[in-house]
Amino acid sequence: MSLLLTDHLGRHVNLSTVPKRIISICPAITETLFALGLEKEIVGRTKYCIFPKEVVENVPIVGGTKEVNEETIRKLQPDLILAEKEENTKEIVLALEKIAPVFVLEVQKIDDSYRLIETLGLLTNREKKANHLTASCKTSFPDRSYKQNLNAAYVIWRKPYMVVGGTTYINDVLHTLGFQNPFEKGESRYPIVTKEELADANLDVLLLASEPFPFQEKHLAEFQAFLPNTKIFLVDGEMFWYGAKMVIAGAYLKKLTKKIEKSTI
């Protein structure tokens, strides 16, 4: 078998057979591969690929999402490497495609996450499982019926403050939950913002994520000091991952939305 495919960036990727040795350098992709029953095929992952817990610990680490050990990857003899445009750099992709075929996926919206699942099923001959997983995600995930129209920002980093911008999966989740993100208009996917910009945004709600920066209770007062009229919530950042995580994230997001609704009435 020789299969010439086009990845999500329009790159041509040639697979000579159904992959049996897969390296994933994106956490959400790794978790989704396990959900498709590919535990025997996954031979490498990043240190940030932590799901499914315990099971994934048996897979060798090849580095992080922005920096990988090419020699370790070469020794693992992959026949397919899976990357994601936002998570991984162009430089990494160019370097790794000298070792094995690299298929780059891209997720900017909720529908892109379903495409990611279905693409992984196609690449690994797991179409039936992928269709079932996609259906489970769609059943669990909130629909777009929320009509709150509250201004909300999602903060991912401290010193400097960084928030979610446009063309991101998380921004689409915010829209789905009925929120308007005042920082989605700029060019940056994750813009740096000042206290003054946050204050001027007239935020009804501020969401402080548990990752990549681990916001905790002790940080609430810091933001409340310059956002006295904004309702501030700590949120589980992992519940804003795409891919297989959506199956369990749906219930969390619905509960979170009800909690916010009650606090803003």
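That block above? That's the structure.
Below or above, wherever it landed, is the structure these notes cover. (Residues numbered from 1 in each chain as written. Predicted model: local features only at pLDDT ≥ 70, side-chain atom pairs only at ≥ 80, totals over all residues. Heavy atoms only, no water.)

Residues Lys159 and Pro160 are joined by a peptide bond in cis, for which omega reads 0°. Mapped onto the elements of the fold, Pro160 is located in the loop between β7 (150-157) and β8 (161-163). Put simply, Glu211 and Pro212 share a cis peptide bond, and its omega is 10°. Looking at where Pro212 falls in the secondary structure, it is placed in the loop between β11 (205-209) and α8 (220-224). (Helix = DSSP H or I, 4+ residues; strand = E, 2+ residues; numbered from the N terminus.)

Because side chains alternate across strand β2 (residues 12-15), one face comprises the buried residues Val13 and Leu15, and the other comprises His12 and Asn14, none of which is buried. In terms of strand pairing, strand β1 (residues 3-6) meets β2 through four bridges, oriented antiparallel. Directly across from Leu5, in β2, lies its bridge partner Val13. Taking the residues that link successive antiparallel strands as the turn, the β1-β2 hairpin has five residues, and the phi of Gly10 there is positive, at about 85°. (Buried < 20%, exposed > 50% of the residue type's maximum accessible area, 1.4 Å probe, protein only. Pairing = 2+ DSSP bridges.)

Estimates place the volume of the largest pocket at around 770 Å³. What lines the largest pocket is a set of 26 residues, among which Glu86, Glu87, Tyr190, Glu211 and Pro212 lie closest to the centre. When residues of the lining of the largest pocket are assigned to their parent elements, the largest contribution, three residues, is made by β7. By residue class, the composition of the lining of the largest pocket is 17 nonpolar, three polar and six charged. Here the second largest pocket is characterised by a volume of approximately 160 Å³. If you go around the second largest pocket, the residues you meet are Leu9, Arg11, Glu84, Lys85, Asn88, Thr89, Lys90, Val93, Leu94 and Val104. In terms of residue count, the dominant contributor to the lining of the second largest pocket is helix α3 (residues 90-96) (three residues). (1 Å grid on protein atoms, 1.4 Å probe; cavity = no way out; pocket = protein on both sides within 12 Å on 5 of 7 lines; lining within 4 Å. Points joined across faces, edges and corners; volume = space filled by probe spheres on them. Nonpolar A, V, L, I, M, F, W, Y, C, P; charged D, E, K, R; others polar.)

Okay, the nonpolar core next. The biggest cluster of nonpolar side chains holds 54 residues, and the ones touching the most others in it are Leu82, Phe141, Tyr154, Tyr169 and Phe240. Looking at this core, the element that brings in the most residues is helix α4 (residues 110-123), giving six residues. Apart from residues lying up to four places away in sequence, Phe240 is in contact with Tyr154, Tyr169, Ile170, Val173, Val235, Tyr252, Leu253 and Leu256. (Core = buried A, V, L, I, M, F, W, Y, C linked by side-chain atoms within 4.5 Å. Contact = heavy atoms within 4.5 Å.)

Helix length check: α4 (14 residues) gives 20 Å between terminal C-alpha atoms against 20 Å at 1.5 Å per residue, within 8%. Across the 14 residues that make up α4, a large majority, ten, are buried. Following α4 by one or two positions, Asn125 has its phi on the positive side, about 60°. (Expected span 1.5 Å × (residues − 1).)

Turning our attention to the state of the cysteines. Inspection of the entire model under this criterion finds zero disulfides. Unpaired in this structure, Cys26 has its nearest cysteine sulfur neighbour in Cys49, at a distance of 6.9 Å. (Disulfide = S-S within 2.5 Å.)

Where charged atoms from two side chains of opposite charge come close, those side chains can pair. Throughout the structure, instances matching the rule amount to nine salt bridges. A salt bridge links Asp7 to Arg11, with the shortest nitrogen-to-oxygen separation between them at 2.5 Å. Among the residues examined, Asp7 registers a relative accessible area of 4% and is labelled buried. Residue Lys245 pairs with Glu31 through a salt bridge whose shortest N-O separation is 3.1 Å. (Salt bridge = Lys/Arg side-chain N within 4 Å of Asp/Glu carboxyl O.)

Fair warning: the whole summary comes from geometry, so function is off the table for now.
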